[in-house]
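Survey of secondary and tertiary structure
Chain by chain, the residues:
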Amino acid sequence: MMKDFEITEELAAMRSIKGTTTGSDLFTEVNAFLDKLGLKWDKLAGVTTDGFLNLTGKNVGLLKRMQDKVSEINPELKLLFLHCIIHQEVLYKSVLKINHVTDVVTKLVNFIRTRALNHRQFVALLEEHETEHGDIGYHTAVRWLSLGKVLKRVWDLRAEIREFCEKKGKDIQELSDADWMADLAFAVDVTALMNELNTKLQGKGLFAHEMYSLVKAFMTKLQFLSSQLEGYILNHMPTLKEATPSVDHLRRVTAGVLFFSQRGELSIHEEACSEDVGSLWIYLYFRTNIFRDEVEQIQIQILSH
């Protein structure tokens, strides 16, 4: 960010590492590129990584070495370590406890897609039924948006998938379970909401306070949906409405949404969690010690709102 608050984004460096990729190897590469680019370690506010041990190891991982380097310059500066800053909400499904849905969907997709004969026969069945969708795709774990798309596709093709499994002698009891189908419908609607938030957060040129507002608005939306679900009002959950869940089952779903909205648990690591996840964006922004005078003015303006 420039002094006039114009945001610029640029890929600083990309390096292919051959041989070993220990925490020491990774740190050597990062340190070399920072020196080459003239970037100062004490300007570093946070680091986002995936969960591999060579990155996150407490003793010799890359993050530990980066914190040690920063501490040599400024002992009071503590880096903020995050797991996929945009995609923290991936693990929301563990909070809502719908792994029983995603596990079955994964098993269904793998049964159809991993065997060439099954895949051809399934595509032929869809052509025979003249369905809107001509195939079903994989869910890629590292691509968050794909999960919502796969859940929606499985819901749309649920009748054809059930018919195909019956023809192949594959017993998937969940496909005949009304409560499980209601959970699948609920997962489709919630992932659609999460994908909408995810896409907005990835918009270019966003300020930290704008991202904060997006997350706060999302948490408010969840509370609103929870109150509607308590009254069996499903206008904003179209897939769940189509599934026509029982009142007792809907009550359990509502409890999950309310817990999710109140706690805001969208992070994989406890150290990246916050009672208000949106505050992470503010925290990251104000942790940078550039333009300190301007930042103090912005902070005052945000608090005044």
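1. Observations concerning the packing of helix H6 (residues 116–129) against helix H8 (residues 158–167)
- Remark: H6 packs on H8, axes separated minimally by 11 Å, with the N-to-C direction vectors making an angle of 130°. Relative to H8, the element H6 lies oblique. Pair H6 / H8 crosses with right-handed handedness. On H8, the residues touching Asn-118, Gln-121, Phe-122, Leu-125, Leu-126 and His-129 of H6 are Glu-160, Ile-161, Glu-163, Phe-164 and Lys-167.
- Residues of the contact of H6 with H8, tallied by class, amount to five nonpolar, three polar and three charged.

2. A closer look at helix H10 (residues 208–230)
- Its 23 residues place the ends of H10 34 Å apart at the C-alpha level, agreeing with the 33 Å of an ideal helix rising 1.5 Å per residue.
- Every buried residue of H10 is accounted for by Ala-208, Met-211, Val-215, Phe-218, Met-219, Leu-222, Leu-225, Ser-226, Gln-228 and Leu-229.
- Tyr-232 occupies a position one or two residues after H10 and carries a positive phi of about 55°.

3. Quick look at the pattern of salt bridges
- Under the criterion given, the structure shown has eight salt bridges.
- The partner of Glu-29 in a salt bridge is Arg-15, with the nearest N and O atoms 3.2 Å apart. One end of the pair, Glu-29, is in helix H1 (residues 23–37); the other, Arg-15, is in the segment before H1, and 14 residues separate them in sequence.
- Arg-15 sits in the exposed class, given a relative accessible area of 53%.
- Glu-163 is the salt-bridge partner of Lys-167, the closest N and O atoms lying 3.2 Å from each other. One end of the pair, Lys-167, and the other, Glu-163, are both in helix H8, four residues apart, so they sit about a helical turn from each other.
- Overall, Lys-167 belongs to the exposed group, its relative accessible area being 55%.
- Through salt bridges that share partners, Glu-196, Lys-200 and Lys-221 make up one connected network.

4. A few points about the side chain of Asp-183
- As for its placement among the helices and strands, Asp-183 is situated in helix H9 (residues 178–201).
- With sequence-adjacent residues up to four places away left out, Asp-183 is seen in contact with His-100, Val-101, His-249 and Val-253.

Each value, and the rule that gives it
- Residues numbered from 1 in each chain as written.
- Predicted model: local features only at pLDDT ≥ 70, side-chain atom pairs only at ≥ 80, totals over all residues.
- Heavy atoms only, no water.
- Axes fitted to C-alpha atoms, helices over the stretch in contact; angles between N-to-C directions.
- Helix = DSSP H or I, 4+ residues; strand = E, 2+ residues; numbered from the N terminus.
- Parallel < 35°, antiparallel > 145°, perpendicular 65-115°, else oblique.
- Left-handed = near helix turned anticlockwise from the far one by under 90°.
- Contact = heavy atoms within 4.5 Å.
- Nonpolar A, V, L, I, M, F, W, Y, C, P; charged D, E, K, R; others polar.
- Expected span 1.5 Å × (residues − 1).
- Buried < 20%, exposed > 50% of the residue type's maximum accessible area, 1.4 Å probe, protein only.
- Salt bridge = Lys/Arg side-chain N within 4 Å of Asp/Glu carboxyl O.

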